[in-house]
Amino acid sequence: MSNTGDDLTIGLAGLGAQGIAYAHRFGRFDHTYIGADFDSSARAKFENVVGGAVTENPKDLLEYDLDGLIIALPPKFHEPIATAALESGVDVLIEKPVAHTLHSARRIENAADESDANAMVGFYTKFYKSSSILLGYVADGYFGDVTHVDAVIERRRGLPGRGTWFTSQDIAGGGALIDIGIHALDLVMAIYDYSPIEWTWGQTTTQFGNKDDYLYLETTSEHKDTDLFDVEDAASVVIEFANGGTVNLRVAWATNNRERHEYRIHGTDRGARLDLTQVYTATVGREETDIVQEDDITDREILELYDVRSIGENHFVDSRVVAKGVDAYERQLSAFFDGIGSRTPYEKNSIRHGVKVQEVVDSIYRSASKGEPVPTDSFDDIDRR
C-alpha cells in the first residue's frame, strides 16, 4: 500500500454508467486513477473523462499499488474482488448493494473484519445535506420518539434496460427493491439508528417489465434483444422495529404517476418531510457529463419540519430548512478518500450497516415468496458461510 497522503492511487472496477458517474467527479480530487472494464468502449470513455490508465480485467487492478478501490461492477461480481482487495489491505467502496445475495455480502463483511482495511457501501442518499440535517435532528431528539416513517421511491418510466444484468435475478439479486429501494431502506434504518427489527412484510410484483409495448422516454441502460426479465419492478414493504416503530415503503421502477423520492417522519413531538424527488430525477441513471452544480441543488432538496405551539394561541408551525446544496456523490467520495488508511470503520455507510440493510432486503424477498411476515430472528438461521 502506498502513501496515504493527498495523492492516493485509486482503482475503479466497472466503467458502466455508475462507474463513470464516479469518474466524472475524480477531477475534483488530486489523486491517480486506474480504471478496469472488459468493455473496450467503457475503457475508452474512462480514458476520455479521466485520462487515467486502464486495464481490461478488474482483478488486474490489484497488481497496482492501490490505496483504495471503488467497485461498480454488477453485484454478482463484488465478492471476489472486494475480498481480494481487503485481504491485500486495500480499502474498498462497494457500490450498493453489498452483493447479489446475503451469503455473499456476509463473506465480504467477514473479509473486512479480518483485514486491517475498511469497507464502505455506496448509499449516497445519506450524503445529501438535507438527509444529514434530518438525521441530526433525529439524533438530537427533536422529533421525540420516531414512531413511523412513510417512504417512497418511484420512477415514472425507469426500467433499466431489459436483458441487461439489472433484470437478471442471478446477477443483480433482485429488481427494483435491491436496486433503488435499498437506498430508502438504508435511510429509514438510519433514522431508527439501525435498531433491531421485529418483522418485515413484503409484496413484489412485475407490472411493466414483461410488457412488449412498454413505453418510455429514456432508460437507465440500453435494452438488449432478449426477454430476460426475471425480477420485480415494484415492491410494497412494511417493517416493524423492536421498539414499536414502523415503516411503510413503496418502490417502483415504473409507474403511471409522478416520480417521487420522499420520506415523512412521524414523531411524538414533531414531524418532518424530506423530499429528494427533484435532485433524484436530476441525477438518476445519468452519466453526469454535466455535473449538477451546488447552487442548482439548493432548491431541489426539500426538508420541512412540522410543529404545534401554544405561544399566544394554539397554532401549527411549518418550517423550511434552507441549506446550501451539495453533490452527494462527491461528498461520498470525499468521505471514502479521507478515511483511507485510518483503520477505523467509516462512520457513514460502513460494511456492517450495508449488511444489516441487505439482511432486511433478504427478509423482504423471503416474505414475498412465502406470502407472510418474516420475523427477523430468522436472520440468525441463515447460513453465514
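To continue, consider helix α7 (residues 176-191). Across its 16 residues, α7 extends 22 Å between first and last C-alpha, which sits within 8% of the 22 Å expected from 1.5 Å per residue. Counting buried residues in α7 gives 16 out of 16 residues, a clear majority hidden from the surface.

Once that is clear, we can look at the pairing of strand β1 (residues 9-13). Counting buried residues in β1 gives five out of five residues, a clear majority hidden from the surface. Residues of β1 alternate between two faces, with T9, G11 and A13 on one and I10 and L12 on the opposite face, all of them buried. Pairing of β1 with strand β2 (residues 32-36), which is carried by five bridges, proceeds in the parallel orientation. Paired with A13 across the strands is A36, a residue of β2. Each parallel crossover has a hand, and for β1 linked through helix α1 (residues 17-23) to β2 it is right-handed. The pairing of β1 with strand β4 (residues 68-71) spans four bridges and is parallel. Paired with A13 across the strands is I71, a residue of β4.

As enumerated under the stated definition, the model contains 13 aromatic pairs in all. Considering the side-chain rings of Y192 and F241, the 4.1 Å spacing of their centres and the 25 degrees angle between planes classify their relative orientation as stacked. Within this pair, whereas Y192 is found in the loop between α7 and β8 (197-205), its partner F241 is found in strand β9 (residues 234-241), the two being separated by 49 residues in sequence. Pair check on accessibility: Y192 and F241 agree, each one buried.

Okay, the environment of D116 next. Mapped onto the elements of the fold, D116 is located in the loop between α4 (102-113) and β6 (119-122). Given the relative accessible area of 61%, D116 is considered exposed. In sequence terms D116 and E87 are 29 residues apart; their C-alpha atoms lie 8.4 Å from each other.

Here we have nine strands laid out as an open sheet, ordered β14-β13-β12-β11-β7-β10-β9-β8-β15, and mixed in their pairing. Strands with a single pairing partner mark the edges of an open sheet, and in this sheet they are β14 (315-321) and β15 (374-375). Bridging between β9 and strand β10 (residues 246-252) involves seven bridges; their strand directions are antiparallel. If you follow V237 over to β10, its bridge partner there is L249. Its contacts with the sheet put α7 on β7 (146-154), β8, β9, β10, β11 (260-267) and β12 (271-275), and the angle it makes with β10 is roughly 155 degrees. Contacting β8, β9 and β15, helix α11 (residues 351-370) crosses the sheet at an angle of about 60 degrees to β8.

Here the focus is the side chain of T55. With respect to the secondary-structure elements, T55 resides in strand β3 (residues 53-55). A relative accessible area of 13% means that T55 is categorised as buried.

The next subject is the nonpolar core. Ranked by size, the top nonpolar core spans 106 residues in total, and within it F26, L69 and F337 carry the most contacts. No other element matches α7, which puts twelve residues into this core. Filtering out sequence-adjacent residues up to four positions away, L69 remains in contact with G11, L12, A13, L61, L62, I81, A85, V90, D91, V92, L93 and F336.

This paragraph deals with the sheet that holds β3. Taken in spatial order, the six strands make up an open sheet running β3-β2-β1-β4-β5-β6, and their pairing is parallel. What marks the edges here is a single partner per strand, and that holds for β3 and β6. Adjacent strand axes in the sheet meet at a mean angle of 20 degrees when their direction is disregarded. When strand β5 (residues 91-95) meets β6, the two strands line up parallel, connected through four bridges. In the sheet register, L93 faces β6, and the bridge partner there is M120.

Conventions and cut-offs
Residues numbered from 1 in each chain as written. Predicted model: local features only at pLDDT ≥ 70, side-chain atom pairs only at ≥ 80, totals over all residues. Heavy atoms only, no water. Helix = DSSP H or I, 4+ residues; strand = E, 2+ residues; numbered from the N terminus. Expected span 1.5 Å × (residues − 1). Buried < 20%, exposed > 50% of the residue type's maximum accessible area, 1.4 Å probe, protein only. Pairing = 2+ DSSP bridges. Right-handed = clockwise from strand over helix to strand, strands pointing away. Phe/Tyr/Trp six-rings, centres within 6.5 Å; stacked < 30°, edge-to-face > 60°. Contact = heavy atoms within 4.5 Å. Axes fitted to C-alpha atoms, helices over the stretch in contact; angles between N-to-C directions. Core = buried A, V, L, I, M, F, W, Y, C linked by side-chain atoms within 4.5 Å.

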